[in-house]
Amino acid sequence: MQTIKKVVILGGGTAGWLSASLLKKVLGQAVDIELVESETIGIVGVGEATIPPIRLVNQVLGIREADFLRETKATIKLAIRFENWKKPGDMYYHTFGAPGRSMAFCNFHHLWVRAQQLGDSSSLWDYDLNYLCATHGKFAPITAKDTVLELPYAYHFDAGLYAMYLRKLSEQMGVVRTEGLVQQVMQQINGDIKSLVLSDGREVTGDLFIDCSGFAQLLIQKTLGVGYDDWTHLLPCDRAIAVPSERFEQTLPFTRSIAHSAGWQWRIPLQHRNGNGLVFSSNHYTEQQAIDLLMSNLDSKPLGDPRVIKFRTGRMRKQWQRNVIAVGLASGFLEPLESTSIHLIQSAIVRLLQLFPHNGIQPSKVAEYNRQSELEFTQIRDFLVLHYHVQQRDDSQFWRDMRNLEVPATLKQKVAIFADDGSLFRDQNDLFLESSWLQVMLGQGVMPKDYHPIANNYNREQLFDVLAGIKAIKQEPLSKFPSHDEFIQRALQIAPM
Ligand SMILES: Cc1cc2nc3c(=O)[nH]c(=O)nc-3n(C[C@H](O)[C@H](O)[C@H](O)COP(=O)(O)OP(=O)(O)OC[C@H]3O[C@@H](n4cnc5c(N)ncnc54)[C@H](O)[C@@H]3O)c2cc1C
């Protein structure tokens, strides 16, 4: 078995530079890292919304929040607002928080369901600080550990600037960048990758190759041909149109996801512009229809021409094959409904670091890596399917088709159990916590018929008092928090490090 002394990364998008910076930061001088990218090809550059674990990446890389906000023109993300998903005119929030407070044996929402049955008219989100801050346009990080007051958050940022920032950090740590177009991939007799041959004849050799070549999937698929699990039968959207537009006077700390008759539109507020896009099914809209729909639904002036991006939902059958690990778009794609792609890059690299084959590639480690990767992709896929499957839209063929698609049995069971008595179970390692499943199921229109018997331990008056107390605790910090824009402005005034 060959010792891994040199890692070659093909691709300089978010996946390439995030892989380079994390691997170098953690492995240090143990490995040399060379990243090959081609400016003539460029990057996808539309990954703009994230989920809270991105903050761990920044911590590991030693990035201060103020520097990050400045360099990537970032804003804070507390939630996604889903509009028209359950039915036209309806809206709900999927926040990173948890409504209520954590309780032993039964989740808070059982108390709320019982109160609803007793005539209470509060919304579950009234008990969620993330929701309250998002809707009031307020933000300040909560640093003290508190079981009731938590405010988990992530960022919206400019993906192109983020890749450039990570490149700067990586090069400072010693990662070598090579500009060049890979024209040929050389293999050893056993099939392992030996080197990348560039269009000017230079050859880049390595022991381990990370395929971050985006949708080109140059090493994992075009060279090693691992095969692709196509999931378009579960998630049929296969195109996106992206266009930036002018920023608003006020930036609010949440992403908007607006359902249309054959897809959905995102709107992501950044410091210098808004990111917009439409994800749609080409079986239900033509590209021109989709462009017209997006452009007529922009709420600020466009700053460029709309760009069409084609994709096929699914994943590589093996994300690690021989001496190649596919990361980012090269490993598969799930539409950006819950902003999970950059997280998948992060968790792929963490997994690789945990299983790093410094003394040579062992089949058992490769199998474990592939098992964990498949589980992660499948769990996220099922959560996305939930949004399309459980809804009450009858206004277009797309939504009728989506409701009638065959869905995974595990998802069906999860929805059925929740609808019955509000029970929620988080599968091992599922990225989405119970509070996420709860918010999306309720938001999409599943109201439990019953609740856990522990909620009967309170009489009506006690129950309403408990709820009112939690609501007051959650609302209390709002008056002290600055607006989201004030928070960003204060952070930008901190001198760069
Ligand atoms: C419509 C859409 C919306 C998205 N929204 C989000 C979101 O909100 N949140 C989120 O987390 N993620 C989102 N993503 C995903 C996110 O954009 C990607 O995960 C992220 O940008 C990583 O892309 P990448 O680095 O894998 O590929 P790319 O950015 O495509 O980079 C590929 C790299 O490979 C190089 N390359 C390819 N072929 C060669 C060659 N022959 N020689 C040399 N170099 C080569 C290119 O030069 C480039 O540097 C979205 C994706 C799409 C398509």
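Worth saying up front: this structure is predicted, and the values here are computed from it rather than measured.

Definitions and limits used
- Residues numbered from 1 in each chain as written.
- Predicted model: local features only at pLDDT ≥ 70, side-chain atom pairs only at ≥ 80, totals over all residues.
- Helix = DSSP H or I, 4+ residues; strand = E, 2+ residues; numbered from the N terminus.
- Rg over C-alpha atoms; globule rule 2.2 N^0.38 Å.
- Buried ≥ 20, exposed ≤ 12 C-beta atoms within 10 Å, placed from the backbone.
- Contact = placed C-beta atoms within 7 Å.
- Core = buried A, V, L, I, M, F, W, Y, C linked by C-beta atoms within 7 Å.
- Near = placed C-beta within 6 Å.
- Nonpolar A, V, L, I, M, F, W, Y, C, P; charged D, E, K, R; others polar.
- Pairing = 2+ DSSP bridges.
- Axes fitted to C-alpha atoms, helices over the stretch in contact; angles between N-to-C directions.
- Arc of directions from axis to C-beta.
- Parallel < 35°, antiparallel > 145°, perpendicular 65-115°, else oblique.
- Left-handed = near helix turned anticlockwise from the far one by under 90°.

1. Overview of the overall build of the protein
- Regarding its fold elements, the protein presents 15 helices and 21 strands.
- Taken against the 2.2 N^0.38 rule, which gives 23 Å for 497 residues, the C-alpha radius of gyration of the protein at 23 Å falls within 12% of a compact globule.
- Oriented by its inertia axes, the alpha-carbon framework of the protein measures out at about 75 × 55 × 50 Å.
- When burial is assessed residue by residue, the protein has 45% of its 497 residues classed as buried.
- If you take every contact in the protein between residues at least 6 apart in sequence, the share linking residues at least 24 apart comes to 77%.

2. Side note on the nonpolar core
- Counting 130 residues, the largest nonpolar core has Ile9, Leu10 and Val327 as its most contacted members.
- If you tally residues by element for this core, the top one is helix H10 (residues 363-389), at seven residues.
- If near-sequence neighbours (up to four positions away) are discounted, Val327 is found in contact with Ala15, Ser19, Ile210, Cys212, Ile345, Ala348 and Ile349.

3. Focus: the site of the ligand
- Residues in contact with the ligand amount to 39 residues; listed here are only the nearest, Gly11, Gly13, Gly47, Gly214 and Gly328.
- At the level of elements, helix H1 (14-27), strand S2 (32-37), strand S13 (239-246) and helix H9 (341-354) are the ones that each hand at least two residues to the shell around the ligand.
- The residue inventory of the shell around the ligand, partitioned by class, reads 22 nonpolar, 15 polar and two charged.

4. A look at unusual backbone geometry
- Its identity as a non-glycine residue notwithstanding, Gln217 has a phi of 45°, on the positive side.
- Mapped onto the elements, Gln217 comes out in the loop between strand S11 (208-211) and helix H7 (218-223).
- What makes Gln217 buried here is the crowd of 21 C-beta atoms within 10 Å.
- Positive phi outside glycine occurs at Asn429, with the angle close to 65°.
- According to the C-beta neighbour criterion, Asn429 is exposed, with 10 such atoms within 10 Å.

5. Examining the sheet that holds S11
- Overall, mixed pairing links the six strands, which are arranged S7-S2-S1-S11-S20-S19 in an open sheet. Since the sheet does not close on itself, it has two edges, and those belong to strand S7 (176-179) and strand S19 (320-321), each with one partner.
- As defined by bridge partners, S19 adjoins strand S20 (residues 324-326) across two bridges and the pair is classed as antiparallel. By the bridge assignment, Gln321 is partnered in S20 with Val324.
- In the packing of H1 onto the sheet, the strands contacted are strand S1 (6-10), S2 and S11, and the crossing angle to S2 comes to about 170°.

6. A closer look at the sheet that holds strand S12 (residues 228-230)
- The strand order across the open sheet built from three strands is S12-S18-S21, with neighbouring strands paired in antiparallel fashion. On the outer flanks of this sheet lie S12 and strand S21 (332-333), each paired with one strand and no other.
- Taken together, the two bridges between strand S18 (residues 314-316) and S21 define a ladder with antiparallel strand orientation. Of the residues in S21, the one forming a bridge with Arg315 is Gly332.

7. Let's talk about the pairing of strand S8 (residues 182-187)
- Pairing analysis gives five bridges linking S8 to strand S9 (residues 193-198), with the strands arranged antiparallel. For Val185, the partnering residue across the bridge sits in S9 and is Leu196.
- Here S8 hands over to S9 after five residues, with Gly191 in that stretch at a positive phi of 105°.

8. Considerations on helix H3 (residues 65-72)
- Every buried residue of H3 is listed here: Phe68, Leu69 and Thr72. Buried residues of H3 fall within an arc of 95° about the axis and therefore sit on the same side.
- Taken together, the buried residues of H3 touch helix H2 (54-61), helix H6 (159-173) and helix H15 (484-492).
- Positive phi shows up at Lys73, right after H3, with a value of about 55°.

9. A look at the environment of Tyr162
- With respect to the helices, strands and loops of the structure, Tyr162 is situated in helix H6.
- Tyr162 sits in the buried class, given 26 other C-beta atoms within 10 Å.

10. Some points on the packing of H9 against H10
- Contact geometry of H9 with H10 gives a least axis separation of 11 Å together with a crossing angle of 160°. With respect to their mutual orientation, H9 and H10 come out roughly antiparallel. Regarding H9 and H10, the two cross each other, and that crossing is right-handed. Facing Ser347, Ala348 and Arg351 of H9, the residues of H10 in contact are Tyr369, Gln372, Ser373 and Glu376.
- Residue composition of the contact of H9 with H10, grouped by class: two nonpolar, three polar and two charged.

11. Digging into the environment of Phe68
- Tracing the sequence through the fold places Phe68 in helix H3.
- A C-alpha to C-alpha distance of 19 Å links Phe68 and Arg247, two positions 179 residues apart in sequence.
- Contact partners of Phe68, with chain neighbours within four places excluded, come to Asn58, Ile63 and Ala74.

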